[in-house]
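Residue-level structure breakdown
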Amino acid sequence: MIGVGAPIAATAGVATGETTTSTSYTDLATVGPAITLSPGRTTDQLILHAANCRTSALGDSVAHSVAIAGAAASDADAHQHTSSTADAVVRASVHILALSVANGSTHTMKYRVGAGTGTFTERRISAFTLN
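This structure is a prediction, so every number in the text was calculated from the model and none was measured.

A separate point is the overall build of the protein chain. When its secondary structure is counted, the protein chain shows zero helices and nine strands. For the protein chain, the α and β elements follow one another from N to C terminus as β-β-β-β-β-β-β-β-β. Its C-alpha atoms give the protein chain a radius of gyration of 15 Å, within 12% of the compact-globule value 14 Å for 131 residues. For the protein chain, the spread of C-alpha atoms along the three principal axes comes to 50 × 25 × 20 Å. Relative to its full complement of 131 residues, the protein chain shows a buried share of 45%. Of the charged side chains in the protein chain, 7 are positive and 8 negative, and the gap between their average positions amounts to 5 Å.

Written as structure tokens, this is what we have:
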């Protein structure tokens with residue numbers, strides 16, 4: 001460990017509802033939200049992301065994930081929801097432990113659907129250094 005300093009935290013959000021029909025992780029019209037932590041060293045980080053999400057039809061699925069430090073977003077770090085009712089809104093959050101994140105790395109939320117149209121609102125991401 002390089003040294004322990006005071007925890008650094010950041011949070012960002014986008015309230016606007018936006019949609020996608022992409023079946024692979026993508027940006028929405030308003031990219032993100034995104035955050036950058038610059039503690040001056042490599043750190044372990046706790047990343048949290050949340051969004052209200054809904055699908056256009058019964059049985060469709062939506063997912064939100066994070067591109068951690070510029071890497072591709074993945075289902076392993078995602079919230080995924082399959083709708084049992086068309087247009088039902090679900091609020092969900094996920095926490096991720098990211099190890100050895102380089103100083104100044106940016107984390108950006110990404111979105112996808114399994115089918116149909118997904119709508120995402122009240123999107124929020126937060127991160128905290130752990131060491």
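Turning next to the sheet that holds strand 5 (residues 61–67). Pairing within the open sheet is antiparallel, and its four strands lie in the order 3-8-5-6. Lying at the two open borders of the sheet, with one neighbouring strand each, are strand 3 (34–36) and strand 6 (79–82). Averaged over all pairs of adjacent strands, the angle between strand axes in this sheet comes to 15°, irrespective of strand direction. Judged from the four bridges that link them, strand 5 and strand 6 form a sheet pairing that is antiparallel. Of the residues in strand 6, the one forming a bridge with His64 is His79.

A separate point is the environment of Met109. Structurally, Met109 is set in strand 8 (residues 106–113). The exposure class of Met109 is buried, given its relative accessible area of 0%. For the pair Met109 and Thr16, spaced 93 residues apart in sequence, the C-alpha to C-alpha distance is 14 Å. Excluding residues within four positions of it along the chain, Met109 makes contact with Asp27, Gly32, Pro33, His49, Ala50, Ala51, His64, Ser65, Val66, Arg123, Arg124 and Ile125.

Rules and cut-offs
- Residues numbered from 1 in each chain as written.
- Predicted model: local features only at pLDDT ≥ 70, side-chain atom pairs only at ≥ 80, totals over all residues.
- Heavy atoms only, no water.
- Helix = DSSP H or I, 4+ residues; strand = E, 2+ residues; numbered from the N terminus.
- Rg over C-alpha atoms; globule rule 2.2 N^0.38 Å.
- Buried < 20%, exposed > 50% of the residue type's maximum accessible area, 1.4 Å probe, protein only.
- Lys, Arg positive; Asp, Glu negative; His and termini not counted.
- Charge placed at Lys NZ, Arg CZ, Asp CG, Glu CD.
- Pairing = 2+ DSSP bridges.
- Axes fitted to C-alpha atoms, helices over the stretch in contact; angles between N-to-C directions.
- Contact = heavy atoms within 4.5 Å.

Coordinates in, geometry out; function isn't part of it.
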